Amino acid sequence: MESIGVLLTSPMNPYLEQELGKRFKLFRFWDFPSADDFFREHSKSIRAVVGSSFIGADAQMIEALPKMEIVSSFSVGLDKIDLVRCKEKGIRVTNTPDVLTEDVADLALALILATLRRICESDRYVRSGAWKRGDFKLTTKFTGKSVGIIGLGRIGSAIAKRAEGFSCPISYHSRTEKPGTNYKYYPSVVELASNCQILVVACALTPETRHIINREVINALGPKGVVINIGRGLHVDEPELVSALVEGRLGGAGLDVFENEPNVPEELLALDNVVLLPHVGSGTVETRKDMADLVLGNLEAHFLNKPLLTPVV
Amino acid sequence: MAAITGEAEAEAPGVVFVHGSPPFGLPFKDRLLSRFQLIHTSELAESSHVKVMLCMDHTPVTSQTLHKLPSLECIVASSAGVDHIDLPTCRLRGIAVSNGSQAFSEDVADYAVALLMDVLRKISAGDRYLRSGLWPAKGDYPLGWKLGGKRVGIVGLGNIGSEVAKRLVAFGCGIAYNSRKKRPSVSFPYYADVCDLAANSDILVICCALTSETHHIINKDVMTALGKEGVIINVGRGSLINEKELVQFLVEGQIRGAGLDVFENEPIVPRELLELDNVVLSPHNAVVTPEAFEAMQELAIANLEAFFSNKPLLSPI
């Protein structure tokens, strides 16, 4: 398989990169001054693309790589892949579900706790020496608070299970009601937001869920409400979120993702009632290795004509 | 006043000596005044007849304090910890003591989990990184570590320790514990020796009371047993850990990280810790929520009322 050309779209994981280099003829997208330069030189050599939540395989890339057979994404999210085009052209697509479910759900809870109990702000308070001059302030209790989850798939369910450990009443919104849960279903996000204090985005990003958190939802959540986003930046109307936080119409936010990563609205950097993370959802040593192994396993299966491990298309 | 059969006498309200005034003010003074007559610390000289004390926060109750209260029968402490109260003298004089940990246990447990998640997933460090503009410049933040499947050793399985265990089970952690005595109703594995607990854990959460036996219960032997990938979370008292040794272990990378809400000499925090990215530092804030304060007030009032009605205290230590 050493002659098979594989394109790695970004430096997403050193172990993955190393293993791909050992098994295939590896091309690093970022080694080239521009996408056009790369396509001009190597378009006919690429039979597989390994993408991420940062750079996937969009229409331009798919059209530029006529020999592409498979896109193996180092993510569970597929929003950066033109799935329709892949299906039309018979290009297989795989992702990394399940292995990262726990870490992403853990992160949602970590963000809720850090935001409500002001952990990062407290840490800043101690490091600045301010504690010597006086006590910190009251923070918001988490146990027992109502949690609303948008999307009750693998990750949403895992978040619900963890929040139940804190005696939180759970409600949710999804495209359809899920049988077999004790959680309260709301047919609209606005209704969900009106009936919970902590709103967590845990659904896939599709054209329908773009800006699912908008001004109306934020207003329904209110000045004591908190938005937690471990989905995609585009789930949230970012300028609306920022102005609501700055104006105090929303109580706080815990954000792992942003509309235009790695750029973060400057106004957020000045706020104490937000926790901001550089897209670390699945970012643990253990899980990234599991994700990498899944990518490698899918590629190997494809080129050996075996069934794919986690096919999407 | 003649007593009427079957009804309580119209008595003067019970007298409570209020020892200390908290930094957030005495918010429930009105609720106390509607039920009891209050005498304050400043009036200590005239308190020789007082039978019950409400001790606010960590105001020390020393043997001198107790000496000035010869009629004292009961101390209702607002806080969870009672290491600021001269318990041996109380025991000698038969003074009953109640604490507030029932009111706080959920908040403290939440906080312990918050600190643990922050250390493992680098929440504060990642937030710092992002706020200093390093994400566009330096790229992705270094990876953290998964919580699921980790072995958590809880030191002290009282109200708070039990709540911590309940929460971490939902994250897929294994739980084991150490405490003075094994609890027969608890199914988690018990280790009589903290070193053995540490040797079989990836994470230690310190939730026990500070007593002469538990002073520096976490020392270099325990931390060595815990190992280089170990994480320590302290929501008990600073002196449960030998702070000097902890600092050394952290600076030298002999343990993975720590989340600390308490320190040996608050509000002083060892300078070396301020430089480290693998520690999360907190200004003794685990109980500081409006709900905890409300619950603490209710519990304190309930304990006082129990005392005056000759009923058992709700939360005796």
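For chain B, an unreviewed UniProt entry supplies the name glyoxylate reductase (NADP(+)) and the organism Vitis rotundifolia. Comment text from UniProt for chain B, heading Sequence similarities (unreviewed entry), reads "Belongs to the D-isomer specific 2-hydroxyacid dehydrogenase family."

Chain A carries the name glyoxylate reductase (NADP(+)) in an unreviewed UniProt entry, which gives Vitis rotundifolia as its organism. Taken verbatim from the UniProt record of chain A, the Sequence similarities (unreviewed entry) comment is "Belongs to the D-isomer specific 2-hydroxyacid dehydrogenase family."

*Asks:* Account for the overall build of chain B, naming residues and giving values.
*Replies:* Broken down by element type, chain B carries 12 helices and 11 strands. Summarising its shape, the C-alpha atoms of chain B cover approximately 80 × 45 × 35 Å along the three principal directions. Across the 317 residues in chain B, those meeting the buried criterion constitute 55%. Look at the contacts in chain B between residues 6 or more apart in sequence, and 57% of them connect residues 24 or more apart.

*Asks:* Let's hear about unusual backbone geometry: which residues, and what values?
*Replies:* The step from Glu 261 of chain A to Pro 262 of chain A runs through a cis peptide bond, and the omega angle for that step is 0°. Secondary-structure assignment places Pro 262 of chain A in the loop between β11 (252–255) and α11 (266–269). The omega torsion of the bond from Glu 266 of chain B to Pro 267 of chain B falls at 0°, within 30 degrees of zero and hence cis. One can find Pro 267 of chain B in the loop between β10 (257–260) and α11 (271–274). Residues other than glycine seldom take positive phi values, yet Ser 167 of chain A does so here, at roughly 60°. Tracing the sequence through the fold places Ser 167 of chain A in the loop between α7 (154–164) and β7 (170–173). The backbone of His 284 of chain B sits at a positive phi, close to 45°, despite the residue not being glycine.

*Asks:* Which residues make up the environment of Phe 39 of chain A, and what are the values?
*Replies:* Structurally, the position occupied by Phe 39 of chain A is in helix α2 (residues 35–42). Sequence-distant contacts of Phe 39 of chain A, that is, excluding residues within four places in its chain, are made with Phe 29, Gln 60, Met 61, Ala 64 and Leu 65 of chain A.

*Asks:* Please set out the pattern of salt bridges residue by residue, giving values where relevant.
*Replies:* Residues and elements named next belong to chain A. Throughout the structure, instances matching the rule amount to 36 salt bridges over all chains. Glu 121 is paired through a salt bridge with Arg 118; the nearest N and O atoms lie 2.7 Å apart. With a relative accessible area of 8%, Glu 121 lands in the buried category. Residues Asp 272 and Arg 124 are paired through a salt bridge, measuring 3.1 Å at the closest nitrogen-oxygen approach.

*Asks:* Break down the sheet that holds strand β1 (residues 15–19) of chain B for me, citing the residues and quoting the values.
*Replies:* Residues and elements named next belong to chain B. Spatially, 5 strands are ordered β2-β1-β3-β4-β5 in an open sheet, and the strand pairing comes out parallel. Unpaired on one side and paired on the other, β2 (37–40) and β5 (96–98) mark the two borders of the sheet. Within the sheet, the average angular offset between the axes of one strand and its neighbour, ignoring direction, is 25°.

*Asks:* Quick one: what's the story with the UniProt feature "domain: D-isomer specific 2-hydroxyacid dehydrogenase NAD-binding" (unreviewed entry) in chain B, residue by residue and with numbers?
*Replies:* In this structure's numbering, the residues bearing the UniProt feature "domain: D-isomer specific 2-hydroxyacid dehydrogenase NAD-binding" (unreviewed entry) are residues 113–286 of chain B. Measuring from the first to the last C-alpha atom of residues 113–286 of chain B gives 11 Å, for a span that is 34% helix and 14% strand.

*Asks:* Go over helix α1 (residues 14–23) of chain A, please, and point to the residues and values.
*Replies:* Counting along an α-helix, one turn takes 3.6 residues, and residues three or four places apart therefore face a common direction. Residues and elements named next belong to chain A. Taken residue by residue, α1 has Leu 16, Glu 17, Glu 19 and Leu 20 as its buried positions. On its buried face, α1 is in contact with β1 (5–8), β2 (25–28), β3 (46–51) and α12 (285–303). The distance from a side-chain oxygen at the start of α1 to the backbone nitrogen of Tyr 15 is 3.2 Å, and the residue carrying that oxygen is Asn 13.

*Asks:* So what's going on with empty space enclosed by the protein? Which residues, and what values?
*Replies:* In the structure shown here, the tally under the stated rule is 1 cavity of 30 Å³ or more. Here the largest cavity defines a volume of roughly 60 Å³. Along the walls of the largest cavity sit Ala 114, Thr 115, Arg 118, Ile 119, Cys 120, Glu 121, Arg 124, Asp 272, Asn 273, Val 274 and Val 275 of chain A together with Arg 131 of chain B, which together make up its complete lining. At the level of elements, α5 (101–116), α6 (119–127) and β12 (274–276) of chain A are the ones that each hand at least two residues to the lining of the largest cavity. Examining the composition of the lining of the largest cavity, we find that 4 residues originate from one element, α6 of chain A, more than from any other. A breakdown of the residues in the lining of the largest cavity according to their chemical character gives 5 nonpolar, 2 polar and 5 charged.

*Asks:* Could you give me a rundown of the interface of chain A and chain B, with the residues and numbers involved?
*Replies:* Contacts between chain A and chain B engage 58 residues on the former and 57 residues on the latter. Of the roughly 5,000 Å² buried where chain A meets chain B, counting both sides, 61% is carbon and sulfur surface. Per-residue buried area on chain A facing chain B is highest for Arg 117, Arg 127 and Trp 131 of chain A; these three make up 16% of the total on that side. A salt bridge links Asp 127 of chain B to Arg 124 of chain A; the shortest N-O distance between them is 3.2 Å. Between the two partners, chain A and chain B, sit 28 residue pairs in polar contact (both at pLDDT 80 or more). Where the side of chain A that touches chain B is concerned, the elements lending two or more residues are α5, α6, α7, α11, β12 and α12 of chain A. Classifying every residue of the side of chain A that touches chain B gives 28 nonpolar, 13 polar and 17 charged.

*Asks:* Kindly report on the packing of α5 of chain A against α7 of chain A, identifying the contributing residues and their values.
*Replies:* Residues and elements named next belong to chain A. In contact at an axis separation of 8 Å, α5 and α7 are set at 50° when each is read in the N-to-C sense. When the axis of α5 is compared with that of α7, the two are oblique. Where α5 crosses over α7, the handedness of that crossing is right-handed. In contact with Thr 101, Glu 102, Val 104, Ala 105, Asp 106, Ala 108 and Leu 109 of α5, α7 contributes Arg 154, Ile 155, Ala 158, Ile 159, Arg 162 and Ala 163. Class assignment for the residues of the contact of α5 with α7 results in 8 nonpolar, 1 polar and 4 charged.

*Asks:* Give a description of the side chain of Lys 146 of chain B that names residues and reports values.
*Replies:* By the secondary structure assignment, Lys 146 of chain B is in the loop between α6 (134–138) and β6 (151–155). We classify Lys 146 of chain B as buried; its relative accessible area is 14%. Apart from residues no more than four positions distant in its own chain, Lys 146 of chain B is found in contact with Val 99, Glu 102, Asp 103, Thr 284, Glu 286 and Thr 287 of chain A together with Leu 120 of chain B.

Calculation notes
Within any chain, residue numbers begin from 1 and follow the written order of that chain's sequence. Chains and ligands are labelled by the order in which they are written, letters from A for the one and numbers from 1 for the other. Residues qualify for local features only when their pLDDT is at least 70, as the model is predicted, and side-chain atom pairs are given and counted only at 80 or more; totals for whole chains, interfaces and linings, by contrast, use all residues. Side-chain measures here rest on the full set of heavy atoms in the structure, leaving out hydrogens and waters. UniProt positions are given in the numbering used here, feature names are shortened, and annotations may be inferred rather than shown by experiment. A run of H or I in DSSP counts as a helix once it spans at least four residues, and a run of E counts as a strand once it spans at least two, with each numbered from the N terminus. The cut-offs for exposure are 20% and 50% of the maximum accessible area for each residue type, with area from a 1.4 Å probe on protein chains only; residues under the lower value are buried, those over the upper are exposed, and the others partly exposed. Whether two residues are in contact is decided by their heavy atoms: any pair within 4.5 Å suffices. In what follows, salt bridge is the name for a side-chain nitrogen of Lys or Arg lying within 4 Å of a carboxyl oxygen of Asp or Glu. DSSP calls a pair of strands paired once it identifies at least 2 bridges connecting them. Angles shown run from 0 to 180 degrees and are taken between the N-to-C directions of axes, each axis being a line fitted to C-alpha atoms and, for helices, limited to the stretch in contact. N or O atoms within 3.5 Å of each other form a polar contact, as long as, within protein, one can give a hydrogen and the other can take it, and as long as residues adjacent in sequence are counted only when both atoms are side-chain atoms. Points on a 1 Å grid over protein atoms alone make up a cavity when a 1.4 Å probe fits among them but cannot get out, and a pocket when they form an open set with protein on both sides within 12 Å along at least five of seven lines; lining residues each have an atom within 4 Å of a point. Grid points are joined across faces, edges and corners, and a volume is the space filled by probe spheres set on the points. Only Asp, Glu, Lys and Arg are considered charged in this grouping, and only Ala, Val, Leu, Ile, Met, Phe, Trp, Tyr, Cys and Pro are considered nonpolar; every other residue, Gly among them, is considered polar. Throughout, the accessible surface (probe 1.4 Å) given up by two parts as they are put together, summed over both, is called the buried area. For this classification, under 35 degrees means roughly parallel, over 145 means roughly antiparallel, 65 to 115 means roughly perpendicular, and everything else is oblique. Whether a crossing is left-handed or right-handed is set by the direction in which the near helix is turned from the far one by less than a right angle, anticlockwise for left-handed and clockwise for right-handed.

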